[in-house]
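# Close look at the chain arrangement
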Amino acid sequence: MGIELLYLLFVWIIIWSWLSNRSVTYHNRRLICGNHLYGIVVFGLMGVLMCFRSVDVGADTYAYAVNIYHNIISVAPFNEVFSFDGTDMLSYEFSKAPLYWRFFWIICIFSDEPSAYIFVGSLIFMIGLVSFIYRSKVNIIIAALVFLLSLQYFLAFNIMRQFISIVFCANAFLYLFQSLRSGKGWLLYVMGVMIHPVSAIFALAILGAFLARRYSIMRLVTISILTAIGVVTLLFVVMKLFVIYTENIQYATYFIDNGGDNFLGANNKGTGMAVIGQASGYLGVAILYIYIMWKRKLDEKGTLGYAILPSTIVFSVVWLILREVPMIDRILMVFQVLEIVFIPYVLNLYPLRQRMILYFISILGLASYATVIMGKEGMYGIFPYTIGL
């Protein structure tokens, strides 16, 4: 199965939309609300397809499920797993993801089959994502469409470890934007970083949420733009120094033009419609948010949308400016998960008629983007999709 999988899931999300207004009752007591029922059906299918995929589906799936999980982690002795000693390869993997691989070493006790790694990892990711959407209290149908059509669902097939880390950080955000004193929030964030160190940059989103509670819209936008310029400058310097001085050839290839690992295709720096279209779309939603706040004189301080606004501006501007840098999307996708709830949150502020028009434009734009990108031969490494029972 190829790009038909995208169309299948798109239709699946739409045809079950009526469920969100229904509920399961028993003796006049509501057992399951409509949003939960809809989520079970829609995200349930997504989860099944992800959990039971073959080891050949996803760019990194075979390397992680077979080469690392089955061949290295499953045979690691206890004393090496819970210490910093051991074989070079084992120590290297544990240093990159200390929490992640120790957790999966425990899973190996029950099954060291590659399918177990895929199933458990996919299940954790989907549960984390659904929890994030539910707790955000946005339109679940639009959130599901954004998740699918922004291709984050398919990217998770490729780099599952990073996306597990991302959903930990996303759930942490829901606690920390309300209070930086939230122990649960910081615990989730630290766990996310211990799963994938790139997620440390998500601290910018948390900082943005903190500033959003203190500043008015014009000051917040100004600070966000200046931060984006600062981030661009910092990333440029860091990347140059990394390439010059690093001995880690694997990660050096992420920043140099050698036709290496790039989720938009070999020798493709992410220019053109892929980055410009998507990043401009997110920036457009931020502008729509600012406009409706100004027009209706809304005081959004303390809300989820206002907390996400700074990171949306920063990561969209940075993405547009650094679009020619290979793998910049790999770094900035840490923030992209917030758009799954930011877009429906913003559009819901508009009157019904305007909202329906904006829904249509947003879905059409994302669907066109997804069709073009997924239509490229071999894109994202998930085609042909096969079951791996």
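Note: the structure precedes this text.
Residues numbered from 1 in each chain as written. Predicted model: local features only at pLDDT ≥ 70, side-chain atom pairs only at ≥ 80, totals over all residues. Heavy atoms only, no water.

Another point: unusual backbone geometry. Here the phi dihedral of L151 falls at roughly 70°; this positive angle occurs in a residue that is not glycine. The residue K297 is not glycine, and still its phi comes out positive at about 50°.

This brings us to helix α8 (residues 140-149). Taken across its ten residues, α8 has ten buried, putting it largely inside the fold. Looking at α8, one finds that the buried residues are I140, I141, I142, A143, A144, L145, V146, F147, L148 and L149. For α8, the elements touching its buried residues are α1 (4-15), α2 (34-51), α7 (114-136), α9 (152-158), α18 (339-347) and α19 (352-374). Capping of α8 at its N-terminal end is provided by N139; its side-chain oxygen lies 3.0 Å from the backbone amide nitrogen of I141. Positive backbone phi, approximately 70°, marks L151, located one or two places after α8. (Buried < 20%, exposed > 50% of the residue type's maximum accessible area, 1.4 Å probe, protein only. Helix = DSSP H or I, 4+ residues; strand = E, 2+ residues; numbered from the N terminus. Contact = heavy atoms within 4.5 Å. Polar contact = N/O pair within 3.5 Å; in protein donor to acceptor, adjacent residues only side chain to side chain.)

Right, let's get into a nonpolar patch on the surface. Judged by side-chain polarity, V48, F52, F119, L123, I127 and I387 come together as a nonpolar surface patch covering roughly 510 Å² of accessible area. Among the elements that make up the nonpolar patch, the one with the highest residue count is α7 (three residues). Along the chain, the position of F52 falls in the loop between α2 and α3 (61-70). Looking at F52, the relative accessible area reads 32%, which means it is partly exposed. (Patch = residues over 30% accessible without salt bridge, like charges linked within 9 Å, V, L, I, M, F, W, Y side chains within 5 Å. Areas by Shrake-Rupley, 256 points an atom, 1.4 Å probe, with all protein chains shown as cover. Salt bridge = Lys/Arg side-chain N within 4 Å of Asp/Glu carboxyl O.)

The next subject is the packing of aromatic side chains. Applying the stated criterion across every chain yields a total of 31 aromatic pairs. Three or more aromatic residues joined by ring pairs form one cluster here, namely F43, F125, F147, Y153, F154, F157, F163 and Y385. Over the ring of Y175 we find R135; its NZ or CZ atom is 4.2 Å from the centre of that ring. (Phe/Tyr/Trp six-rings, centres within 6.5 Å; stacked < 30°, edge-to-face > 60°. Lys NZ or Arg CZ within 6 Å of the ring centre and 35° of its normal.)

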